[in-house]
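# Residue-level structural notes
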Amino acid sequence: MLGAPKGSVDYAPNMRVLENFVAGAWTPIEGTGSIPVTNPATGETIATHPQSNAADIDRAVAAAVAVFRVWWMTPIPTRSAMMFRYRHLIWEAREELSRILVEENGKTLAEARGEMLRALQYIEHAAAATETMKGSVTENVGSGVDIEYIREPLGPFAIVAPFNFPAMIPLYFTWAVATGNPVIVKPSEHCPLTTVRLVELADEAGFPPGVVNMVLGDRTVVERLAEHPDVVGMSFVGSSEIAERVYKLTTGYGKRCQAQGGSKNHLVVTDTAELDKCLPNMVSSMLGSSSQRCFAGSNLLIYESVYDRVMDRFLAAVKVLRLGYGMNETTTLGPVISPESRTRLEESVDKAVAEGATVLLDGRGATVAGFERGNWIGPTIVSASPGMEIFDQELFGPVRCLQKVSGLDEALAIIDASAYGHTAAIYTEHGGVAREFRQRANVGQIGINVGTPAPIAFYAVGGRKSSFYGSHRGRANDAVDFYTDKKVVVSTWHIDTTEQPGVDPAFEGGAR
Ligand code: NAD
C-alpha cells in the first residue's frame, strides 16, 4: 500500500496510500482527490487515500452479491469457526491494533486497549450463530399441518462507522457475516487505519473473497450504498443529524436501516451519593476518551444541598488529568480528533460565556510541549443551564457542564426536555430513588452509580429520540434480528390423516 494509485493526485514519496478491499484483494481507488489521515496529537499526516467513486463502490457491492449464495450455503458451524479464528487473530494483534488506534484517533493506550477487549467480545457473541440462528417449529397447527420458522440472511449490508470507536463499530459487521450476509464496511475518513488492519485479519481468517469488503471515502460512499439496489440494508453510527438523514434516505429506498445517533447524557448526583466511590466514575464518564464517546456524561446535575461540595471535589479530581500524547503511558487525556473540533469546542464556551455561563475550569488554549501541532483542549467545566447551546447540544469533546437542581423531579424534567435519549445515570444509595429514576428517565440506557452504562456486547445498544433511528438496536440478538429475516414455512404431507387420533378441528371449546 505504498506509492501512488492510478487516477489520483501525486503523493509525497513513502506516503502510505490506502486502498479498498474488494473481492478478497486490495484494490487501488480509482476516484480522485486526497483524504488525509492525521495523527491528532502530532498533526502529522500518517496515510492518505483518494475518495472512492461510484465505480469503486459498485465493484464492492458486485463482489458481495457474487458471494452471497455461497456464503449463505456455507454451514453455520463453519462460519462460526471462521469467527473463532478471526477472534484469535485479533487477540494476537491486539497491542498492534491498540497502537494504530492511538495514532489515528488520539485515545490513550489504556483506552485503546480497553476498546480492543470490548471489540473481541463482539466477535465472541457473533460467533454464537450456531445458537442465534436457531428457528422454531410447531407441529400440528392444523391436522397434519406444521409451521417452521427459519432465519435467513438477506444479502449485502453496509456498515458505516464514526471516528470515535475505530475498532468496535466497524466490527458490527461480524454479526452480519456470521448470520450469512456479505458486507461493505465504510470506516470514518478520520480513522480508517484500524479498520484496514481488521480487514487484513479477516482475510487471513479465511472469509471467502467478497464476504468482507471495505470502501474508503466520505459521505458520498454512504449515499451511494444507501441508494444502491443490491444493498439490502445499512447499520449506521454517527451524529444525530446525519443518522436521521441516512435513516430517511435508506428506508426511503425500502431498505432496513438502524441509525445510531449522538447524545447528551445527564449524570444526577443526589444527596445520598457515596462521593468517595463515585467521583472517579464521574470523571471517567465525563472526560474519558476526551469525552468523544456517545456514552460520555455531558451534564452533571447536582442536588443543591450538596452542590458546593460535589463541585469542589469534581473540579479537584478533573485537574489531576494529564493532557498529552496517548502513546505516553502517563497520559490520561488525549487530544480531540481535529483542529475543527477544537475550534468548535472553544467557540461553544465563548458563546456560553456571552449567554451568562461561568467557566469553572478553562482548558481553552492548552498546549503540550513537543506536540505543538496537536488538537489540544484541556478539561473545561462550565456552570451552565438548559436553554444554552452548550448545555443542550452534543459537544463531543472535554467541555462539560454542571447545573444545580432542586431534586429528582427537576433532574428528570431536564432529561425529558433533552432532544437526545441515549443514557442517563444517577448516583444514589437510596433504592427507591434509583428505582423511580430507572422508570421515569426516557433514555435507552440507565446507569445506577455507573456513569457510563455501556452494555456489554451480549446486549443490544441504542437510544431514544434523536439518539436512535430504527427498530432494531445495534449488536447482540437485535443485530441477529436486523441482519436476518424470519421465514415461515407451513407444510402438510399427503398421507391419510383420517385415522389419526385427535379432537375435531371444528371443536369450539366447552361441549363434549
Ligand atoms: P459523523 O456523523 O460525522 O460521521 C459518521 C459517519 O457518517 C462517517 O463514516 C462519515 O463519513 C459519514 N457521514 C458524514 N456526513 C454524512 C452525510 N451527510 N451523509 C452520509 N454520511 C455521512 O460522526 P463522527 O463525528 O464520525 O462520530 C461522532 C458521532 O457519532 C457523535 O455524534 C457520537 O455521539 C456518535 N456515536 C454514536 C454512537 C451510538 O451508539 N449511538 C456510538 C459512537 C458514536
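What counts and how
- Counting from 1, residues in each chain are numbered in the order their sequence is written.
- Under the rules for a predicted model, residues below a pLDDT of 70 receive no local features and side-chain atom pairs below 80 are neither given nor counted, while totals for whole chains, interfaces and linings still include all residues.
- Water and hydrogen atoms were dropped before computing side-chain values, which therefore reflect all heavy atoms in the structure.
- Aromatic rings from Phe, Tyr and Trp, with only the six-membered ring used for Trp, were paired whenever their centres fell within 6.5 Å, and each pair was classed as stacked if the ring planes differed by under 30 degrees, edge-to-face if by over 60, and tilted otherwise.
- Put simply, DSSP marks the helices as runs of H or I at least four residues long and the strands as runs of E at least two long, and each gets a number from the N terminus on.
- For every residue, the accessible area obtained with a 1.4 Å probe (protein chains only) is divided by the maximum for its type, and the residue is called buried under 20%, exposed over 50%, and partly exposed between those limits.
- What makes two strands pair is DSSP finding at least two bridges between them.
- Axis lines are fitted through C-alpha atoms, for helices just across the contact stretch, and the angle between N-to-C directions can take any value from 0 to 180 degrees.
- Residue contacts are counted whenever heavy atoms from the two residues lie within 4.5 Å of one another.
- Throughout this description, a polar contact denotes any pair of N or O atoms lying within 3.5 Å of each other; where both atoms belong to protein, one of them has to be capable of donating a hydrogen while the other can accept it, and for residues adjacent in sequence the pair is counted only when both atoms sit in side chains.
- Whether a residue is near a molecule or strand depends on its heavy atoms: it is near if one of them lies within 4 Å of it.
- Each accessible area is a Shrake-Rupley estimate made with a 1.4 Å probe; only the visible protein chains count as cover when residues are assessed.
- Classification convention: Asp, Glu, Lys, Arg as charged; Ala, Val, Leu, Ile, Met, Phe, Trp, Tyr, Cys, Pro as nonpolar; all other residues, Gly among them, as polar.
- Start and end positions for the domains come from either an automated domain assignment or a database one.
- Any cysteine sulfur atom paired with another within 2.5 Å is treated as part of a disulfide.
- Here the buried area means the combined drop in accessible surface, using a 1.4 Å probe, for two parts upon being joined, counting both sides.
- Whenever a carboxyl oxygen of Asp or Glu lies within 4 Å of a side-chain nitrogen of Lys or Arg, that contact is scored as a salt bridge.
- Here the expected span of a helix is defined as 1.5 Å times the quantity of residues minus one.
- When describing relative orientation, an angle under 35 degrees is termed roughly parallel and one over 145 degrees roughly antiparallel, while 65 to 115 degrees is termed roughly perpendicular and anything else oblique.
- Crossing chirality is assigned from the near helix's rotation relative to the far helix, an anticlockwise turn below a right angle marking it left-handed and a clockwise turn marking it right-handed.

What follows covers the packing of aromatic side chains. Per the stated rule, a full pass over the model turns up 13 aromatic pairs. For the pair Y122 and W175, a centre-to-centre distance of 5.2 Å together with 45 degrees between the ring planes defines the contact as tilted. Residue Y122 is located in helix α4 (residues 109-126), and its partner W175 is located in helix α6 (residues 173-178); the two are separated by 53 residues in the primary sequence. The pair Y122 / W175 is uniform in exposure class, with both members buried.

Further remarks concern the sheet that holds strand β6 (residues 145-153). Across the sheet, 3 strands lie side by side as β5-β6-β22; this open sheet has antiparallel pairing. Each of the sheet's edge strands pairs with one partner strand only, and the pair in question is β5 (136-142) and β22 (484-492). Recorded for the sheet is a direction-independent mean angle of 25 degrees between the axes of neighbouring strands. Bridge count for β5 against β6 is 4 bridges, and the pairing is antiparallel. For S136, the partnering residue across the bridge sits in β6 and is Y149. Its contacts with the sheet put helix α16 (residues 476-483) on β6 and β22, and the angle it makes with β22 is roughly 65 degrees.

Moving on: the environment of S98. Position of S98 among the secondary structure elements: in helix α3 (residues 94-105). The exposure class assigned to S98 is buried, which follows from its relative accessible area of 1%. When the C-alpha atoms of S98 and G114 are compared, they prove to be 8.7 Å apart, with 16 residues separating the residues in sequence. At a separation of 2.7 Å, a polar atom in the side chain of S98 contacts the main-chain carbonyl oxygen of R94.

Turning next to the site of the ligand. Around the ligand there are 26 residues in total, and A161, K186, E189, S239 and E394 lie nearest to it. F163 is positioned such that a nitrogen or oxygen atom in its backbone is 3.1 Å from an oxygen atom of the ligand. The separation between an oxygen atom of the ligand and a polar main-chain atom of G238 is 3.3 Å. Across the complex, the protein chains shield 90% of the 840 Å² of accessible surface that the ligand would expose by itself. Mapped onto the shell around the ligand, the elements with two or more residues apiece are α8 (219-227), β10 (233-237) and α9 (240-252). In the shell around the ligand, the residues fall into 12 nonpolar, 8 polar and 6 charged. Two domains each donate at least three residues to the shell around the ligand, and these are domain 1 (8-261 + 467-488) and domain 2 (265-448).

Turning next to the pairing of β6. Between the end of β5 and the start of β6, which pair antiparallel, lie 2 residues, with G144 showing a positive phi angle near 70 degrees. Where β6 meets β22, 9 bridges bridge the pair, whose relative direction is antiparallel. The residue bridging P153 from the neighbouring strand is T484, located in β22.

Let's shift gears to the sheet that holds strand β16 (residues 399-405). Pairing within the open sheet is mixed, and its 7 strands lie in the order β14-β15-β16-β13-β12-β18-β19. Two strands bound the open sheet, and with one partner strand each, they are β14 (358-361) and β19 (445-448). Direction aside, neighbouring strands of the sheet carry axes that sit 25 degrees apart on average. As paired elements, strand β18 (residues 423-427) and β19 share 4 bridges and run parallel to each other. Paired with I426 across the strands is I448, a residue of β19. Across the sheet, helix α12 (residues 339-354) is in contact with β14, β15 (380-383) and β16; its angle to β16 comes to roughly 35 degrees.

Here we come to the state of the cysteines. Applying the stated rule across the entire model yields 0 disulfides. Unpaired in this structure, C191 has its nearest cysteine sulfur neighbour in C294, at a distance of 15 Å.

What the domain assignment reports for the chain is domain 1 (8-261 + 467-488) and domain 2 (265-448). Its C-alpha centre places domain 1 at a distance of 31 Å from the equivalent point of domain 2. Counting residues at the interface gives 25 residues for domain 1 and 27 residues for domain 2. Here domain 1 meets domain 2 over a buried area of about 2100 Å², counting both sides, of which 56% is carbon and sulfur. Linking domain 1 with domain 2 are 1 salt bridge. With its nearest N and O atoms 3.3 Å apart, the salt bridge here joins R113 to E329. Going through the elements one at a time, α3 and α4 are the ones with two or more residues in the side of domain 1 that touches domain 2. Here the element with the most residues in the side of domain 1 that touches domain 2 is α3; it accounts for 5 residues. Looking at the side of domain 1 that touches domain 2, its residues break down into 7 nonpolar, 10 polar and 8 charged.

Looking now at helix α7 (residues 193-205). The terminal C-alpha atoms of α7 lie 18 Å apart, and with 13 residues this matches the ideal 18 Å at 1.5 Å per residue to within 8%. By the criterion of burial, α7 is predominantly enclosed, with 10 of the 13 residues buried. All buried positions along α7 are accounted for by L193, T194, T195, V196, R197, L198, V199, L201, A202 and A205. Of the residues flanking the end of α7, it is G206, one or two places downstream, whose phi is positive at about 105 degrees.

Two measures define how a pair of helices packs: the angle their axes make with one another and the distance between the axes. The N-to-C vectors of helix α2 (residues 76-92) and α7 enclose an angle of 135 degrees; their axes lie 9 Å apart at closest approach. Put simply, α2 runs oblique to α7. In the crossing of α2 with α7, the sense of the turn from one axis to the other is right-handed. Between α2, through M82, R85, Y86, L89 and I90, and α7, the contact on the second element is made entirely by L198, V199, L201, A202, E204 and A205. Looking at the contact of α2 with α7, its residues break down into 9 nonpolar, no polar and 2 charged.

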